[in-house]
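Residue strings, one per chain:
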Amino acid sequence: MQKGLIINISLLSLTLLLSAANLLFGSVSIPPSQVLNALTGMPVEQAGWAYIVIESRLPQAVTAMLCGAGLATSGLLLQTSFRNPLAGPSILGITNGASLGVALVILFFGGVIAMGGAGTADGTAGMHIGGILAVTTGAFIGAVAVIMLLLALSHVVSGNLMLLIVGIMISYLTSSAVSLLNFFADSDNVYNYVMWGMGSFSDVSLQQLPWFATLNAAGLCLAVLLVKPLDALLLGDNYAQNLGINIRRTHRLLLLTTGILTAVCTAYCGPVAFLGLAVPHIARLLTGTAGHTVLLPATILCGAAIALLCNLICIIPENTVIPINAVTPIFGAPVILYIILRRK
């Protein structure tokens, strides 16, 4: 327990350090004193600097923290629920459902969208507000539709394995629908959809941030409340049942929590890859425990820290923003390979 506390304090310190780095660094060079002035409401030497710090870097850093924490928590819940180390937020088709919703907006209805920050390195130029609203709504509706379908099917199918197979089939169906939409869409809309699919933490504006933060915090609070049932599930369903855990209800709550976190993160940031799959394993390696009292906070903090680090790498190049999904596999893929090879 003491080791876990030390690890979590270290991860919290690292998260705060990376948060400060995300505010201080970017393609536009701003003196640290001016960044501090902008954050505290003091006068700055150039008006554009205040806009970059408050309207771009601050919401981008907070979005990265929350999205990383939310997706990492989703992955941990699914890996515990299905007892599968390769389970992630996309495994049940929730991410694909959100992608289908966005595909309908962009490809079928001809919605106009540009990847946030495509015009400037700090995300000051992005999609039009109408495009943001349409894409976010489409993604959220698509993800929620898959969640409701899975919850309904959980009453019919028996066992986690069957529900996992159902989720994989839903993923195939939604991917097929997206492929058909891409085939019949014009090249501009296909390009816009591909840009959204690369992921970005810069599409959440300061005005949208309270909604994103509230929904994400609600999902994280639900996850924290499920710590004891999660620990009981590690011992097997029979043992958990003897402890008074309602197995079916617990799995539905885990599915609902995962769905909320995945839907919100995907709707606002795109289908960010590997964070949900790899971060729980990194947290396990750091803490050396499977107990969720220590592991869940470590996963939340580790997800936030890695997302901030990835975002920092994305925003440093001059006059551009690298898509987040071009960076996350650098951290995620080696971890997954290590887990597979270690299990032989």
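The structure under discussion appears in the preceding block.
The structure reproduced in this document is the subject of the present report. Just so we're clear, the structure is a prediction, and the values are computed from it rather than from any experiment. (Residues numbered from 1 in each chain as written. Predicted model: local features only at pLDDT ≥ 70, side-chain atom pairs only at ≥ 80, totals over all residues. Heavy atoms only, no water.)

**Thoughts on helix α11 (residues 247-269)**
Link 1 in the chain: Helix length check: α11 (23 residues) gives 32 Å between terminal C-alpha atoms against 33 Å at 1.5 Å per residue, within 8%.
Link 2 in the chain: By the criterion of burial, α11 is predominantly enclosed, with 17 of the 23 residues buried.
Link 3 in the chain: The N-capping residue of α11, defined by a side-chain oxygen 3.4 Å from the backbone nitrogen of R248, is N246.
Link 4 in the chain: Following α11 by one or two positions, G270 adopts a phi angle in the positive range, close to 90 degrees. (Helix = DSSP H or I, 4+ residues; strand = E, 2+ residues; numbered from the N terminus. Expected span 1.5 Å × (residues − 1). Buried < 20%, exposed > 50% of the residue type's maximum accessible area, 1.4 Å probe, protein only. Polar contact = N/O pair within 3.5 Å; in protein donor to acceptor, adjacent residues only side chain to side chain.)

**A short note on the packing of aromatic side chains**
In this description, an aromatic ring pair is defined by two values, namely the gap between the centres and the angle between the planes.
Link 1 in the chain: Inspection of the entire model under this criterion finds three aromatic pairs.
Link 2 in the chain: Note on F183 and F184: the rings are 5.1 Å apart at their centroids and 90 degrees apart in plane angle, and the pair reads as edge-to-face.
Link 3 in the chain: Looking at F183, the relative accessible area reads 65%, which means it is exposed. (Phe/Tyr/Trp six-rings, centres within 6.5 Å; stacked < 30°, edge-to-face > 60°.)

**A short note on the nonpolar core**
Link 1 in the chain: Counting residues in each nonpolar core, the largest one holds 82 residues, and the members touching the most others are C67, L92, L150, Y193, F201, F212 and V272.
Link 2 in the chain: Of all the elements, helix α13 (residues 292-315) adds the most residues to this core, at 11 residues.
Link 3 in the chain: With residues up to four places along the chain from it excluded, the contact list for L150 reads L92, I94, L163, V166, G167, I170 and L255.
Link 4 in the chain: Counting residues in hydrophobic clusters, the runner-up holds seven residues, among them I30, V35, W49 and V53. (Core = buried A, V, L, I, M, F, W, Y, C linked by side-chain atoms within 4.5 Å. Contact = heavy atoms within 4.5 Å.)

**Let's talk about helix α6 (residues 160-184)**
Link 1 in the chain: Helix length check: α6 (25 residues) gives 37 Å between terminal C-alpha atoms against 36 Å at 1.5 Å per residue, within 8%.
Link 2 in the chain: For α6, every residue scored as buried is listed here: N160, L163, L164, V166, G167, I170, S171, T174, V178 and L181.

**Topic: the side chain of N216**
Link 1 in the chain: By the secondary structure assignment, N216 is in helix α8 (residues 209-225).
Link 2 in the chain: Assessed through its relative accessible area of 0%, N216 is described here as buried.
Link 3 in the chain: At a separation of 3.4 Å, a polar atom in the side chain of N216 contacts the main-chain carbonyl oxygen of L66.
Link 4 in the chain: Not counting residues up to four positions away in its chain, the partners in contact with N216 are L66, C67, G70, L261, V264 and C265.

**A word on the side chain of S202**
Link 1 in the chain: With respect to the helices and strands, S202 occurs in the loop between α7 (187-197) and α8.
Link 2 in the chain: Since its relative accessible area comes to 12%, S202 is described here as buried.
Link 3 in the chain: At a separation of 2.7 Å, a polar atom in the side chain of S202 contacts the side chain of S200.

**Things to note about the packing of helix α4 (residues 94-108) against α7**
What describes two packed helices is the angle between their axes and the distance between those same axes.
Link 1 in the chain: Where α4 meets α7, the closest approach of the two axes is 9 Å, and the angle between their N-to-C directions is 150 degrees. Classified by the angle their axes make, α4 and α7 are roughly antiparallel. α7 is crossed by α4, and the crossing has right-handed handedness. The residues of α7 that touch α4, namely those facing A98, S99, V102, A103, I106 and L107, are N189, V190, N192, Y193 and W196.
Link 2 in the chain: Partitioning the contact of α4 with α7 into residue classes produces eight nonpolar, three polar and no charged. (Axes fitted to C-alpha atoms, helices over the stretch in contact; angles between N-to-C directions. Parallel < 35°, antiparallel > 145°, perpendicular 65-115°, else oblique. Left-handed = near helix turned anticlockwise from the far one by under 90°. Nonpolar A, V, L, I, M, F, W, Y, C, P; charged D, E, K, R; others polar.)

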